[in-house]
Amino acid sequence: MKKLKYLSLSALVLLFLGCGSEKEEEEVTPTKPPVETASFTAADVNIAYTAFNTHFYNPEAKLYYSTSAKTGLGAIWTQAVYWDIAMDAYNRTKDANQLKLVNDIYQGGFQRYDGYNWNNTREWFIYDDMMWWIISLARAHQITGNQVYLDKSKEGFQHVWSRSYDPVNGGMFWNFAKDGKNACINYPTVIAAMELFNITKDAQYLDKAKTIYAWSRANLFNNGRVADNIHVVQGNVGWSDYTYNQGTCIGAAVMLYKATGTESYLNDAKLAADYTKQKMSDANGILPAEGDWNEQGVLKAIFGRYIMMLIKDANQPQYLPWIQDNITLAWKNRDKARNLTFRDYRVACPTGTIQSYEASSVVGMMQVCPPKE
């Protein structure tokens, strides 16, 4: 992820215009309110995903546009997030056409990014951009069984580890200049290592995951709050709050908990979830908007994946209504003509050009979060 790492907290304060003051007036019966006011439905999940692909997927490039105007492709690292969403949609539906899309997106990345040549410093100009793809490649292997996907993931992990890991002071550098160690490379490194460990059972991946998690907890974690970065030259910690950092911390902790049974990992995941809900969300538990016409719009798609991992894989259902309520509100406020959702769940989705980044998070959450019964 580029150009987002060292933003000051004040730079992230957004002006929320027209924040949900209007509600649709719908005729309701005392015994059967409209589904829309209670929860999104399984049918809505299909509608939302179809709409997202209709307005943002480029079938020639086999990757996603940056906006609904379809004038250019999205940022390299966000394509891996969209690929994750496609894989989640396949896991949900087991539809053969959806599996084809999963394989097509791999091919789109192969064609666009020099065959996933990790040594190409024009295509890959930052370590965390690589790590998002490394994670997704491992997942794609688990879904398809394609050995090439696993080989690409393993090669990428070794490449990043050999260049990004600091053997003296610990942690992973996020960029080639090695001036910062960010949550967006450290926690995803843990996740990638755990994905590869779960596939290969090679203990080196588990050891590396533990090592990076321990460094991250000591340097980027404070009672559930995840710092965005440590600037190694200036020595300061950037305590800006981002949902994707909270999410990858949760995912890393849950995966280590599942592999080791160590309760402290689960406790960390719950602390991070609680901080996101209690400190970063509004009084009604609605997640922050994030992404005023930039790539931050995709961050909650990442958070949604990993909070659901905590809910499902670590058996913490207490967080489920919170996520369902966020999805329900965002879906209610969708652009009903296009069935597109927005980064700020509390307001009506704009009817003009919007970014795939800001339209993605609800769609992603829907693929992994069940509707209320």
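Residues numbered from 1 in each chain as written. Predicted model: local features only at pLDDT ≥ 70, side-chain atom pairs only at ≥ 80, totals over all residues. Heavy atoms only, no water.

## Notes on unusual backbone geometry
Here comes step 1: Of note, Trp-293 is a non-glycine position whose phi angle comes to about 60 degrees, a positive value.
Here comes step 2: Summarising the element assignment, Trp-293 is placed in the loop between helix 10 (263–280) and helix 11 (299–313).
Here comes step 3: Residues other than glycine seldom take positive phi values, yet Asn-339 does so here, at roughly 60 degrees. (Helix = DSSP H or I, 4+ residues; strand = E, 2+ residues; numbered from the N terminus.)

## Some thoughts on the sheet that holds strand 7 (residues 237–238)
Here comes step 1: A sheet is described by the order of its strands in space; here three strands give the open sequence 3-6-7, paired in antiparallel fashion. The open sheet has two edge strands with one neighbour each: strand 3 (180–182) and strand 7.
Here comes step 2: Direction of pairing for strand 3 relative to strand 6 (residues 229–231): antiparallel, over a ladder of three bridges. Bridging from a neighbouring strand, Gly-180 pairs with His-231 of strand 6.
Here comes step 3: Seen against the sheet, helix 8 (residues 203–220) touches strand 3, strand 6 and strand 7 and runs at an angle of roughly 75 degrees to strand 6. (Pairing = 2+ DSSP bridges. Contact = heavy atoms within 4.5 Å. Axes fitted to C-alpha atoms, helices over the stretch in contact; angles between N-to-C directions.)

## What about the pattern of salt bridges?
Here comes step 1: According to the stated counting rule, one finds 14 salt bridges in the structure shown.
Here comes step 2: We note a salt bridge from Arg-343 to Asp-292, for which the minimum N-O separation is 3.6 Å. Residue Arg-343 is found in the loop between helix 12 (320–332) and helix 13 (356–368), and its partner Asp-292 is found in the loop between helix 10 and helix 11; the two are separated by 51 residues along the sequence.
Here comes step 3: By relative accessible area, which is 10% here, Arg-343 ends up buried.
Here comes step 4: Here Glu-358 and Arg-343 are joined by a salt bridge, their closest N and O atoms 3.4 Å apart. Pair noted here: Glu-358 is in helix 13 and Arg-343 is in the loop between helix 12 and helix 13, with a separation of 15 residues, a long-range link.
Here comes step 5: Linked through salt bridges whose partners overlap, the residues forming this network are Asp-84, Asp-88, Arg-139, Glu-195 and Arg-305. (Salt bridge = Lys/Arg side-chain N within 4 Å of Asp/Glu carboxyl O. Buried < 20%, exposed > 50% of the residue type's maximum accessible area, 1.4 Å probe, protein only.)

## As for helix 2 (residues 42–56)
Here comes step 1: Here helix 2 spans 22 Å end to end across 15 residues, near enough to the 21 Å set by a 1.5 Å rise per residue.
Here comes step 2: Taken residue by residue, helix 2 has Asp-44, Val-45, Ala-48, Tyr-49, Ala-51, Phe-52, Asn-53 and Phe-56 as its buried positions. (Expected span 1.5 Å × (residues − 1).)

## A few points about the confidence of the model for the protein chain
Here comes step 1: Of the residues in the protein chain, 90% reach a pLDDT of 70 or more, and the chain-wide mean stands at 91.
Here comes step 2: Counted against residues more than four places away or in other chains, residues 2–36, with its pLDDT under 50, gives 62 contacts. (pLDDT = per-residue confidence, 0-100.)

## Quick notes on the state of the cysteines
Here comes step 1: For the coordinates displayed, the defined rule picks out zero disulfides.
Here comes step 2: Cys-184 supplies the cysteine sulfur nearest to Cys-249, a cysteine that is in no disulfide, at a spacing of 14 Å.
Here comes step 3: According to the relative accessible area criterion, Cys-249 is buried, its value standing at 0%. (Disulfide = S-S within 2.5 Å.)

## Focus: the packing of aromatic side chains
Here comes step 1: A complete count under the given rule lists 29 aromatic pairs for this structure.
Here comes step 2: Arranged with centres 5.8 Å apart and planes meeting at 65 degrees, the rings of Phe-303 and Trp-322 form a pair that is edge-to-face. Within this pair, whereas Phe-303 is found in helix 11, its partner Trp-322 is found in helix 12, the two being separated by 19 residues in sequence. For the pair Phe-303 and Trp-322, one class covers both residues: buried.
Here comes step 3: Ring-pair connections join several aromatic residues into one group, and the members of that group are Trp-83, Tyr-106, Phe-110, Tyr-113, Tyr-116, Trp-118, Trp-124, Trp-133 and Tyr-149.
Here comes step 4: Just above the ring of Trp-331 sits the side chain of Arg-334; from NZ or CZ to the centre is 4.1 Å. (Phe/Tyr/Trp six-rings, centres within 6.5 Å; stacked < 30°, edge-to-face > 60°. Lys NZ or Arg CZ within 6 Å of the ring centre and 35° of its normal.)

## Some words on the side chain of Asn-229
Here comes step 1: The topology assignment puts Asn-229 in strand 6.
Here comes step 2: Polar side-chain contacts of Asn-229 include one of 2.9 Å to the side chain of Asp-228. (Polar contact = N/O pair within 3.5 Å; in protein donor to acceptor, adjacent residues only side chain to side chain.)

## A short note on the nonpolar core
Most often, soluble globular proteins keep nonpolar side chains buried together rather than apart.
Here comes step 1: Ranked by internal contacts, the top residues of the largest apolar core, which has 120 residues, are Ile-307, Leu-310 and Ile-323.
Here comes step 2: Sequence-distant contacts of Ile-323, defined by excluding residues within four places in its chain, comprise Phe-303, Ile-307, Met-308, Ile-311, Met-365 and Cys-369. (Core = buried A, V, L, I, M, F, W, Y, C linked by side-chain atoms within 4.5 Å.)

## Digging into the packing of helix 6 (residues 147–164) against helix 8
Here comes step 1: Where helix 6 meets helix 8, the closest approach of the two axes is 13 Å, and the angle between their N-to-C directions is 45 degrees. Considering the angle they form, helix 6 stands oblique to helix 8. With respect to the hand of their crossing, helix 6 and helix 8 are arranged in left-handed fashion. Together, Lys-154, Phe-157, Gln-158 and Trp-161 of helix 6 and Tyr-205, Lys-208 and Ile-212 of helix 8 make up the contact between the two elements. (Parallel < 35°, antiparallel > 145°, perpendicular 65-115°, else oblique. Left-handed = near helix turned anticlockwise from the far one by under 90°.)

## Observations regarding the side chain of Asn-175
Here comes step 1: By the element assignment, Asn-175 lies in the loop between helix 6 and strand 3.
Here comes step 2: Judged by its relative accessible area of 10%, Asn-175 falls in the buried class.
Here comes step 3: A distance of 3.0 Å separates a polar atom in the side chain of Asn-175 from the backbone nitrogen of Lys-178.
Here comes step 4: Separated by 2.9 Å, the side chains of Asn-175 and Asp-179 make a polar contact.
Here comes step 5: Asn-175 has contacts with Ile-126, Tyr-127 and Gly-180, leaving out every residue within four places of it along the chain.

## Describing helix 11
Here comes step 1: Taking 1.5 Å per residue as the helical rise, helix 11 with its 15 residues ought to reach 21 Å, and the 21 Å between its terminal C-alpha atoms agrees with that figure.
Here comes step 2: For helix 11, the buried fraction is high: 13 of the 15 residues fall into the buried class.
Here comes step 3: Within two residues after helix 11, Asn-315 carries a phi angle of roughly 55 degrees, on the positive side.

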